[in-house]
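Examination of the molecular architecture
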Amino acid sequence: MNNPKKKAAPSSSQKKVSKKGPSFDDVKKIPGQLKTRAQVLVLMLEVQKGASLQHSLDRAFQDFSPQERGFALELLMGSLRDYIPLQMEVRKCLAKPLKSSGKWLEALLVLGAYQLTSMNTPARAVIHSMVEIVRTLGYDHLVGLANGVLRGVQRNIEAANGELKPLAIHDYLNEGHWLHAELFKNWRKEYFPGIMQGYASKPPLYMRISRKVSMESYLQQLQDEEISVRFLPDTVMPVPQCIQLEESQRVSDLPGYHEGLLSIQDYSAQACVQALVNQIETEGWLQAEGVAKSQPLKVLDACAAPGGKTAALIDLLPEKTMIHAVDIESSRVERIRENMHRLNVLSENLALICADLSKPHEIIDQVAHDGGYDVILLDAPCSGTGVIARHPDIFWCRREEDIQVLVETQRHLLKRAEALLKPGGLLMYATCSILKRENTDNIEWFMTEGGSQLEVVPMDARLGLQQAYGYQRLPLPDSDGDGFYYVLLRKPR
Ligand SMILES: C[S@@+](CC[C@H](N)C(=O)[O-])C[C@H]1O[C@@H](n2cnc3c(N)ncnc32)[C@H](O)[C@@H]1O
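Residues numbered from 1 in each chain as written. Predicted model: local features only at pLDDT ≥ 70, side-chain atom pairs only at ≥ 80, totals over all residues. Heavy atoms only, no water.

1. A look at the packing of helix H7 (residues 103-118) against helix H8 (residues 123-136)
Between H7 and H8, whose axes approach to 9 Å, the crossing angle comes to 165 degrees. Classified by the angle between their axes, H7 and H8 sit roughly antiparallel to one another. Relative to H8, the crossing made by H7 is right-handed. From H7, Leu 105, Leu 108, Leu 111, Gly 112, Gln 115 and Leu 116 reach across to H8, where they touch Ala 123, Val 126, Ile 127, Met 130, Ile 133 and Val 134. For the contact of H7 with H8, the residue count by class is 10 nonpolar, two polar and no charged. (Axes fitted to C-alpha atoms, helices over the stretch in contact; angles between N-to-C directions. Helix = DSSP H or I, 4+ residues; strand = E, 2+ residues; numbered from the N terminus. Parallel < 35°, antiparallel > 145°, perpendicular 65-115°, else oblique. Left-handed = near helix turned anticlockwise from the far one by under 90°. Contact = heavy atoms within 4.5 Å. Nonpolar A, V, L, I, M, F, W, Y, C, P; charged D, E, K, R; others polar.)

2. Section: helix H20 (residues 440-447)
An α-helical turn contains 3.6 residues, so any two residues separated by three or four positions project in the same direction. The buried count for H20 comes to six of eight residues, which makes it a mostly enclosed element. Where the residues of H20 are buried, they touch helix H19 (400-420), strand E9 (421-431), strand E10 (455-457) and strand E13 (484-490). (Buried < 20%, exposed > 50% of the residue type's maximum accessible area, 1.4 Å probe, protein only.)

3. A short note on the domain arrangement of the protein
Domain boundaries in the protein define domain 1 (12-162) and domain 2 (248-490). Measuring from the centre of the C-alpha atoms in domain 1 to the corresponding centre in domain 2 gives 39 Å. When domain 1 packs against domain 2, the two sides together hide about 820 Å² of surface, and 67% of this comes from carbon and sulfur. Ranking the residues of domain 1 by area buried against domain 2 places Val 47, Leu 80 and Arg 81 at the top, with a combined share of 37%. For the interface between domain 1 and domain 2, the tally reads zero salt bridges. Seen at the junction of domain 1 and domain 2, the total is two residue pairs in polar contact (both at pLDDT 80 or more). Of all elements in the fold, only helix H3 (32-48), helix H4 (53-60), helix H5 (66-81) and helix H6 (83-92) reach the threshold of two or more residues within the side of domain 1 that touches domain 2. (Domains from an automatic or database assignment. Buried area = accessible area lost by both parts, 1.4 Å probe. Salt bridge = Lys/Arg side-chain N within 4 Å of Asp/Glu carboxyl O. Polar contact = N/O pair within 3.5 Å; in protein donor to acceptor, adjacent residues only side chain to side chain.)

4. Notes on helix H11 (residues 178-199)
In a regular helix each residue adds 1.5 Å, so 22 residues correspond to 32 Å; H11 covers only 16 Å between its end C-alpha atoms and thus falls short of that length. Of all the bends found along H11, the most pronounced is centred on Arg 188 and spans about 125 degrees. (Expected span 1.5 Å × (residues − 1). Bend = angle between axes of the 7 residues up to and from the residue.)

5. So, the sheet that holds strand E4 (residues 262-264)
Strands sit in the order E2-E3-E1-E4 across an open sheet of four strands; the sheet is antiparallel. Each having just a single partner strand, strand E2 (229-230) and E4 make up the two edges of the open sheet. Relative to E4, strand E1 (residues 205-209) runs antiparallel, the two being bridged by three bridges. Across the sheet, the residue bridging to Met 207 is Ile 264, located in E4. (Pairing = 2+ DSSP bridges.)

6. Points about the side chain of Ser 263
Relative to the helices and strands, Ser 263 is located in strand E4. Here Ser 263 falls in the buried class, since its relative accessible area comes to 9%. Contact partners of Ser 263, with chain neighbours within four places excluded, come to Tyr 206, Met 207, Arg 208, Arg 342 and Leu 343.

7. Regarding the nonpolar core
Membership of the largest hydrophobic core comes to 75 residues, with the highest contact counts inside it found for Leu 76, Leu 108, Leu 183 and Ile 195. Of the residues forming this core, the biggest block, 10 residues, is contributed by H7. With sequence-adjacent residues up to four places away left out, Ile 195 is seen in contact with Leu 183, Trp 187, Ile 434, Leu 474, Pro 475 and Leu 476. Membership of the second largest hydrophobic core comes to 46 residues, among which are Leu 232, Leu 297, Tyr 471 and Leu 488. (Core = buried A, V, L, I, M, F, W, Y, C linked by side-chain atoms within 4.5 Å.)

8. Some remarks on the pattern of salt bridges
One pass over the full model with this rule turns up 22 salt bridges. One salt bridge connects Asp 25 with Lys 28, and the closest N-O pair in it is separated by 2.9 Å. Lys 28 gets classed as exposed once you look at its relative accessible area, which sits at 53%. Notably, a salt bridge pairs Asp 374 with Lys 422, separated by 2.6 Å at the nearest N-O pair. Within this pair, whereas Asp 374 is found in strand E8 (residues 373-379), its partner Lys 422 is found in strand E9, the two being separated by 48 residues in sequence. It is possible to trace a salt-bridge network through shared partners that takes in Arg 91, Lys 103, Glu 106 and Glu 175.

9. Let's talk about the site of the ligand
Near the ligand there are 18 residues, and of these Asp 327, Arg 332, Asp 356, Leu 357 and Asp 379 occur at the shortest range. Here an oxygen atom of the ligand and a side-chain polar atom of Lys 309 are 2.9 Å apart. Between the ligand and Leu 357, the relevant distance is 2.9 Å, taken from a nitrogen atom to a main-chain nitrogen or oxygen of the residue. Compared with its free state, where it exposes 610 Å², the ligand has 87% of that area covered by protein. Counted by class, the shell around the ligand contains 11 nonpolar, two polar and five charged residues. (Near = heavy atom within 4 Å. Areas by Shrake-Rupley, 256 points an atom, 1.4 Å probe, with all protein chains shown as cover.)

Written as structure tokens, this is what we have:
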């Protein structure tokens, strides 16, 4: 006979799932479309714990069809970019705040809210699937709550004609995230809201077309395949090889990709190399009788992997230029090799070196001994706060204490680069950060307490906002390119 007081045995999933939310193992057995969404949820929870997507994305999506992968990427990236406004929508519909152990449920509700605002799935299907995930995972006691909140979010979004309400500055600052506080301190109300809007926008795709093909004939190929592009306005520094794709495309399907005629490279990254090459031309080093002909230029790409700027340097500088591309991580040096192989630019003039630039190295020190490098590009390791729209996980995994460590590394690399530069040589220091600590303030330190003898060389003012030292591009919704910082320095003769 049944004992009415005895509780029913929990289902196998109920036994497994932790109060802190599901893991990859928990979602393995979930069927079909629910599984895609549930895996996105687990990835999002990993990111919120500080994991970088660079390492977990391929593992998580390995069994997905291309269609599922596309859906999952859009859902994950879109929800991460819009997390704070979506979270506010969710919180408005909760009768009382979730406990800290309910953080995972908030992430699930944010994923639901993103689908309701920004994806083409009917609201009923979205709500049903998100609620079913809660049920299938064995959190039966949360099913009603999830259903009620998502219905509330749907009603509010419908009332607002599908638009998410833009947040005020204090909404961001009240969240208590160190990055918001630092960005507000750096850029105040003039730029802070624009940066937040830029972070939440899906970034466009820019291409660098190799000079191996004429731009005219390449554009014709694109036109033949009905791929439309946008040309950059003259409010930005001209980069003749750069065009923007109007719609996102599978990169490997673009004409000329397998022949190495193009690279996907953001405008700001292309502008970095272009500005350096512009100055090399101004110096007269590329003219027929100049250094390039009699004595090839010696260029050090000091932090080179995965080689985006190395490839642009090879394309824009004379064939004989000697380029040393250095990176500290051997796997990343392999990435440079693969990329240069695809672009068909491996040659005896290009040396790929795995080394810590801040330490002595035989080949690099030999060049210094022989007079030094003519040109050094120091695209330093940085916080990546200029590329959060492209890599929204950075917002979650970058910790405040990382910044001082990065600043110290950047200072060591700057000092070493100065020592390796020949008198009269040029050093471009760049980061994809928008924190002044890593950029203008760091160069100020280098030029004063750091004891640098280098002089600042002015560049095209359209590169970005003029800083005490160098130029800052901010990732604003109406400006081209990622957030980036550039300063060009010269060693006195
Ligand atoms: C911003 S990324 C460079 C991007 C690259 N210039 C491009 O355009 O593709 C910074 C690189 O610096 C490398 N790095 C970090 N510390 C280094 C060091 N001490 N010596 C050499 N490379 C270093 C990292 O491994 C990383 O690949």
